[in-house]
Amino acid sequence: MFLLWFFFELNHINIAKFNISIIIKNTLGSGVLSMNTRFSQSQSTTDSLEAMRRFSQAYAKRTGTFFCSDVNVTAVVIEGLAKHKDQYGAPLCPCRHYQDKEKEVLNSYWNCPCVPMRERKECHCMLFLTPDNEFSSDKQSIKFERLLSEIS
C-alpha cells in the first residue's frame, strides 16, 4: 500500500508552470521513490492578460509606484490577476490564500488594488512598489511580449 505525499503549496500562487516533487513511500517502510513532474496550468485569455497589464501600468503611473525589479514577479502577479478576473469576475489578489475566493471577491477587500494598497501603498504581491522599496525598479510598464515570455 502506498501513500502519496505532495510537498508544495500552490494555494495562492498563479504561475504558468511549476514543479512538484512527489515522494511515494511504501507504508511498510521499504523505501522512498522521488520524482519530479512538470504540470502546465491553463493560460489566461489574451484579452484578460492585456487588460490587467494595462490596468497595472495605469495604476502604477497614477500612484507613483513602480514594478518589481524582478520582471518575473510582475508577470506572474499580472497573470494571477487575469486568471482571477476570468474565473471570478474580479482581479482578486493572487498572492494570498483564501478559504472561499468567491466570498472574498464579493467582499472586495482583496480585489486589486486592495484596500492596503489604496490606503497605505502596501502591495503584498510586490506589483506596486514605492520608490524607496529595495525591490522597486524604475519601470511602470511591461511590454505584452515580455509578459508572455515570462509566464510561458
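Model, not experiment: these values are computed from the prediction.

A closer look at the state of the cysteines
Here is step 1: On inspection of all chains with the given rule, the structure shows 0 disulfides.
Here is step 2: Summary of cysteine pairing: Cys-68 is not part of a disulfide, and the nearest cysteine sulfur, belonging to Cys-123, is at 9.8 Å.
Here is step 3: Free cysteine: Cys-123, not disulfide-bonded; nearest cysteine sulfur from Cys-125 at 5.0 Å.
Here is step 4: Since its relative accessible area comes to 17%, Cys-123 is described here as buried.

Things to note about the layout of surface pockets
Here is step 1: Looking at the largest pocket, its volume works out to about 150 Å³.
Here is step 2: In terms of lining, the largest pocket is formed by Phe-67, Cys-68, Ser-69, Val-71, Thr-74, Ser-137, Lys-139, Ser-141, Ile-142, Lys-143 and Arg-146.
Here is step 3: Its residues assigned to classes, the lining of the largest pocket comprises 4 nonpolar, 4 polar and 3 charged.

Brief notes about the confidence of the model for the protein chain
Here is step 1: Averaged over all residues, the pLDDT of the protein chain equals 78, while 71% of them reach at least 70.
Here is step 2: When mean pLDDT is compared element by element in the protein chain, helix α4 (residues 115–120) scores highest at 97, while strand β1 (residues 2–6) scores lowest at 27.
Here is step 3: Below a pLDDT of 50 lies the segment residues 1–43, which in the model reaches 83 contacts outside its immediate sequence neighbourhood of four places, other chains included.

Description of the side chain of Gln-140
Here is step 1: Secondary-structure assignment places Gln-140 in the loop between α4 and α5 (144–151).
Here is step 2: Among the polar contacts made by the side chain of Gln-140, one reaches the main-chain carbonyl oxygen of Ala-60 at a distance of 3.2 Å.
Here is step 3: Of note is the side chain of Gln-140, whose polar atom sits 2.8 Å from the backbone oxygen of Thr-65.
Here is step 4: Discounting residues that sit within four places of it in the chain, Gln-140 has contacts with Gln-57, Ala-60, Lys-61, Gly-64, Thr-65, Phe-66 and Phe-67.

A short note on the packing of helix α1 (residues 46–63) against α5
Here is step 1: At their nearest, the axes of α1 and α5 sit 11 Å apart, and the two run at 115° to each other. Judged by the twist between their axes, the crossing of α1 over α5 is right-handed. Where α1 approaches α5, its residues Thr-46, Leu-49, Glu-50 and Arg-53 are matched on the opposing element by Phe-144, Leu-147, Leu-148 and Ile-151.

What counts and how
- Residues numbered from 1 in each chain as written.
- Predicted model: local features only at pLDDT ≥ 70, side-chain atom pairs only at ≥ 80, totals over all residues.
- Heavy atoms only, no water.
- Disulfide = S-S within 2.5 Å.
- Buried < 20%, exposed > 50% of the residue type's maximum accessible area, 1.4 Å probe, protein only.
- 1 Å grid on protein atoms, 1.4 Å probe; cavity = no way out; pocket = protein on both sides within 12 Å on 5 of 7 lines; lining within 4 Å.
- Points joined across faces, edges and corners; volume = space filled by probe spheres on them.
- Nonpolar A, V, L, I, M, F, W, Y, C, P; charged D, E, K, R; others polar.
- pLDDT = per-residue confidence, 0-100.
- Helix = DSSP H or I, 4+ residues; strand = E, 2+ residues; numbered from the N terminus.
- Contact = heavy atoms within 4.5 Å.
- Polar contact = N/O pair within 3.5 Å; in protein donor to acceptor, adjacent residues only side chain to side chain.
- Axes fitted to C-alpha atoms, helices over the stretch in contact; angles between N-to-C directions.
- Left-handed = near helix turned anticlockwise from the far one by under 90°.

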